[in-house]
Amino acid sequence: MNYRLLSLFALATIISACSSRPTGPTTPPPDNVNAISKWETSGRVGIRTQEDAVSGNFNWQKDPKTFALSIVGPFGQGATKLDQNQDGMVTLAYEDTIVTGNNPAALLQQELGWEFPVEQVTYWIRGLAAPNSPSRISQDPISKLPNTIEQDGWLITYNNFTKVDGLSLPQRMQVSNPPFRVNLIINQWTIQ
C-alpha cells in the first residue's frame, strides 16, 4: 500500500511539473542591435540645461509603437513621466501637471524647457544613428563600436559598452547640444 501511494505521489509530481512548463513559443534574442524591436533600460541620469541641473534614476520601456519613460529624482522626488500610447498620443506628467500632445520632444521643450530629441535618442541609446537624417560616426578601430555620433546638431559620446544577449549596447553615454547635456549610466538592459 505504501508503494502504491508513493507511486501515485511521484506520478502526480511529474504530471504537475510537466504542466507548469511554458508551452508558448519563446522569442529568440535579436541577432544585431538594429533588430531590437522591444527594450527596457534603467539606470542613472543627469540632465543639465541653461537654467537647471537635474539628476535621478530613469526607466525606459520601448516597443515599436509605444514607450514609457520615467525619471525620478533623489528620494523619489521630482518624478517626470513621458508616455506614448498605441494611437501616438503623448502624455507628460510632472509635479501636479499632466499635458498631452503628439510630439514628445515638443512637450518636453514647451513644459520643462528640456531639449531632448526623443525619436533620435531611441536610436542613439542603442549605439545607432537615427535613419532619417545625415550623421557622422567615429568608430573604435578595434571593436568597430561607435565612439561618437554627430547628428542633428547633437554630439553623442559613448564611454562604455556592455554585452546583452551577445550584443554590445551602451552602458555610459552623453548626449549634448550646448547648453543642454544628458549623461546616462545604464545599469540594466532587457531586449527582444
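> Looking at this model, I keep getting lost on the pattern of salt bridges. Mind explaining?
Two side chains of opposite charge can pair, provided their charged atoms sit close to one another. For the structure on display, the rule yields one salt bridge. In this structure, the salt-bridge partner of E150 is R136, at a minimum N-O distance of 2.9 Å. One end of the pair, E150, is in strand β8 (residues 146-151); the other, R136, is in strand β7 (residues 135-139), and 14 residues separate them in sequence. Take R136: its relative accessible area is 57%, and that puts it in the exposed class.

> It is not clear to me how the sheet that holds strand β10 (residues 167-177) should be interpreted in this structure. Could you clarify?
Pairing between the strands of a sheet is mediated by backbone hydrogen bonds and can be parallel or antiparallel. Strand order in the open sheet formed by eleven strands is β6-β5-β4-β3-β2-β1-β11-β10-β9-β8-β7, and the pairing between neighbours is antiparallel. The open sheet has two free edges, formed respectively by β6 (97-101) and β7, since each of these has just one partner strand. Neighbouring strand axes in the sheet, compared pairwise and without regard to direction, differ in orientation by 20° on average. The sheet contact formed by β8 and strand β9 (residues 154-164) spans four bridges and is antiparallel. Of the residues in β9, the one forming a bridge with I149 is I156. This element, helix α2 (residues 104-112), spans β3 (67-72), β4 (80-84), β5 (90-94) and β6 of the sheet and lies at about 30° to β5.

> Is there a simple way to explain the confidence of the model for the protein chain in this structure?
Close inspection of predicted coordinates is inappropriate in any region flagged by low pLDDT. Chain-level pLDDT for the protein chain is 87 on average; 85% of the residues reach the 70-or-more range. In the predicted structure, residues 1-22 sits below a pLDDT of 50 and forms zero contacts with residues beyond four places in sequence or in another chain.

> Help me out: how do you make sense of the pairing of β3 in this one?
Within a regular strand, the side chains alternate between the two sheet faces. Strand direction decides the pairing type here: strand β2 (residues 53-62) and β3, joined by six bridges, are antiparallel. The residue bridging Q61 from the neighbouring strand is A68, located in β3. The hairpin turn running from β2 into β3, its antiparallel successor, is four residues long.

> What exactly am I supposed to notice about α2 here?
What sets the pattern is the α-helix's 3.6 residues per turn: residues three or four places apart point alike. Residues of α2 that are buried include every one of P104, L107 and L108, and no others. The buried residues of α2 occupy an angular sector of 100° when the element is viewed end-on, so they sit on one face. In the core, the buried residues of α2 are packed alongside β3, β4, β5, β6 and α3 (118-124). Here α2 starts with a cap whose side-chain oxygen sits 3.0 Å from the backbone nitrogen of A105, and that cap is N103.

> Can you help me understand unusual backbone geometry in this one?
Most peptide bonds are trans, and most residues other than glycine sit at a negative phi. Note the cis peptide between P178 and P179, where omega equals 10°. Tracing the sequence through the fold places P179 in the loop between β10 and β11 (180-191). One non-glycine residue, K144, adopts positive backbone phi at about 65°. You can see K144 is positioned in the loop between β7 and β8.

> What exactly am I supposed to notice about the packing of aromatic side chains here?
Pairs of aromatic rings are described using the distance from one ring centre to the other and the angle between the two planes. Taken as a whole, this structure holds six aromatic pairs when the rule is applied. Ring centres of W60 and F116 lie 6.4 Å apart, and the angle between their planes is 45°; this geometry places the pair in the tilted category. Remark: F116 occurs in the loop between α2 and α3 and W60 occurs in strand β2; sequence separation between them is 56 residues. A residue is classified by how much of its surface remains accessible, and W60, at 2% relative accessible area, is buried.

Each value, and the rule that gives it
- Residue numbering note: each chain is counted from 1, following its sequence as written.
- For this predicted model, a pLDDT threshold of at least 70 governs which residues receive local features, and a threshold of 80 or more governs which side-chain atom pairs are given and counted, while totals over whole chains, interfaces and linings are taken from all residues.
- Only heavy atoms go into the side-chain values, all of them from the structure, while hydrogens and water stay out.
- Every case where a carboxyl oxygen of Asp or Glu lies within 4 Å of a side-chain nitrogen of Lys or Arg is listed as a salt bridge.
- Where helices and strands are cited, they refer to DSSP runs of H or I of at least four residues and of E of at least two residues respectively, numbered from the N terminus.
- To sort residues, take the accessible area from a 1.4 Å probe on protein chains only and compare it with the maximum for the residue type: under 20% means buried, over 50% means exposed, and anything in between is partly exposed.
- Two strands make a pair as long as DSSP finds a minimum of two bridges between them.
- Helix axes use the C-alpha atoms of the stretch in contact, all axes being lines fitted to C-alpha atoms, and the angles between their N-to-C directions lie in the range 0 to 180 degrees.
- In this description, contact between two residues means that some pair of their heavy atoms is separated by no more than 4.5 Å.
- Known as pLDDT, the predictor's confidence for each residue is given on a scale from 0 to 100.
- This arc describes the spread of directions from the helix axis toward the C-beta atoms.
- For the purposes of these results, a polar contact is taken to be a pair of N or O atoms within 3.5 Å, where, inside protein, one atom must be able to donate a hydrogen and its partner to accept one; residues adjacent in sequence count only when each atom of the pair is a side-chain atom.
- Side-chain rings of Phe, Tyr and Trp (the six-membered ring for Trp) are treated as a pair once their centres are within 6.5 Å; stacked means planes under 30 degrees apart, edge-to-face means over 60, and tilted covers the remaining angles.

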